Amino acid sequence: MLTRENIENLLNRGGNVVASDGEKIGSIGQLYADDDTGEPTWVTVKTGLFGTSQSFVPVEGARIDGDDLVVPYTKDHVKDAPRVEADGHLEPDEEDRLYDHYERGGRTYSEARTDADYRGDADLNAGNAAGTVGRDTSGPTTDDAMTRSEERLHVGTEKQATGRARLRKYVTTENVTRTVPVQREEVRIEREPITDANRGAAMSGPDLSDEEHEVTLHEERPVVDKETVPVERVRLDKDTVTDDVTVNEEVRKERIEADGIDETRR
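Presented here is a report on the structure given in the accompanying data block.

Conventions adopted
Residues numbered from 1 in each chain as written. Predicted model: local features only at pLDDT ≥ 70, side-chain atom pairs only at ≥ 80, totals over all residues. Heavy atoms only, no water. Helix = DSSP H or I, 4+ residues; strand = E, 2+ residues; numbered from the N terminus. Buried < 20%, exposed > 50% of the residue type's maximum accessible area, 1.4 Å probe, protein only. Polar contact = N/O pair within 3.5 Å; in protein donor to acceptor, adjacent residues only side chain to side chain. Contact = heavy atoms within 4.5 Å. Pairing = 2+ DSSP bridges. Axes fitted to C-alpha atoms, helices over the stretch in contact; angles between N-to-C directions.

**What about the side chain of N198?**
Here's step 1: Along the chain, N198 falls in the loop between α5 (115-128) and α6 (199-202).
Here's step 2: Classification of N198 by relative accessible area gives buried; the value is 15%.
Here's step 3: Here T195 takes part through its backbone nitrogen, which lies 2.6 Å from a polar atom of the side chain of N198.
Here's step 4: What N198 contacts, discounting residues up to four positions off in sequence, is E192 and P193.

**With respect to the sheet that holds strand β2 (residues 24-33)**
Here's step 1: Ordered by their spatial adjacency, six strands build an open sheet running β4-β3-β2-β1-β6-β5, and the pairing between neighbours is mixed. The open sheet has two edge strands, β4 (53-58) and β5 (63-65), and neither has a second partner. Strand-to-strand twist across the sheet, computed as the mean angle between neighbouring axes with direction ignored, equals 40 degrees.
Here's step 2: Of the pairings in the sheet, the one linking strand β1 (residues 16-18) to strand β6 (residues 68-70) comprises three bridges and is parallel in character. Across the sheet, N16 pairs through a bridge with D68, a residue of β6.
Here's step 3: Across the face of the sheet, helix α1 (residues 4-12) comes into contact with β2, β3 (40-47), β5 and β6 while running at roughly 135 degrees to β2.

Here's what the structure looks like:
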């Protein structure tokens with residue numbers, strides 16, 4: 001049997017409530033104890049977005065597994081429990097509705113009341129119901145109308161990183177071919193006959209002799225020089241592109257059907 005100390009230890013350790021199939025339902029919110037014995041009877045489970053909702057689940061039949069409280073119900077069963085304000089105390093009719101939902105065999109507050117109290121309550125309810133049409137047959141008397149609820153789908157967006165882009169510069173080598181005209185000197189032998197004009201120069205030397213003449217030849221050769229010059233600048237920028245994404249999700253709606261009513265009448 002679980003004690004108050006057991007549950008409070010789980011609360012201090014940030015324990016969770018786990019379904020019978022091992023699925024996490026939510027974190028433990030509050031502990032509710034019996035007014036007479038002080039023993040734990042209910043705990044709330046924080047569910048919904050960011051734990052904004054709290055559902056009640058009985059402590060009876062639950063067991064502790066490490067830092068978790070394992071209850072003999074499924075996650076959907078707990079989340080579908082009647083909405084009760086978690087204000088630190090359960091009213092008798094609130095606990096009755098919760099017992100009905102979980103189909104527990106224990107006595108409820110309503111069953112524990114005396115016949116006199118019951119008769120007094122019945123008289124009071126009869127007085128409050130005066131002037132209303134019909135009555136509630138599914139549980140504790142509420143009012144003369146039935147509230148139909150439905151789930152609404154709220155879709156938002158969040159930004160997350162999908163990748164990174166970077167610029168990287170590296171050096172490659174390629175061949176460049178250029179044609180450059182170059183000049184060179186070549187030897188050409190010129191012969192001229194003896195004339196009156198050059199006879200004096202021709203006869204100025206010895207009659208017979210050994211002689212050598214030479215001339216220096218020149219040629220051009222290509223000279224290569226390289227310089228580094230900037231040609232362009234490259235940077236990264238981002239554009240925002242908008243796409244349409246279709247979200248497909250199921251939502252639940254309550255339907256109200258009427259039995260024994262002629263709907264052709266207006």
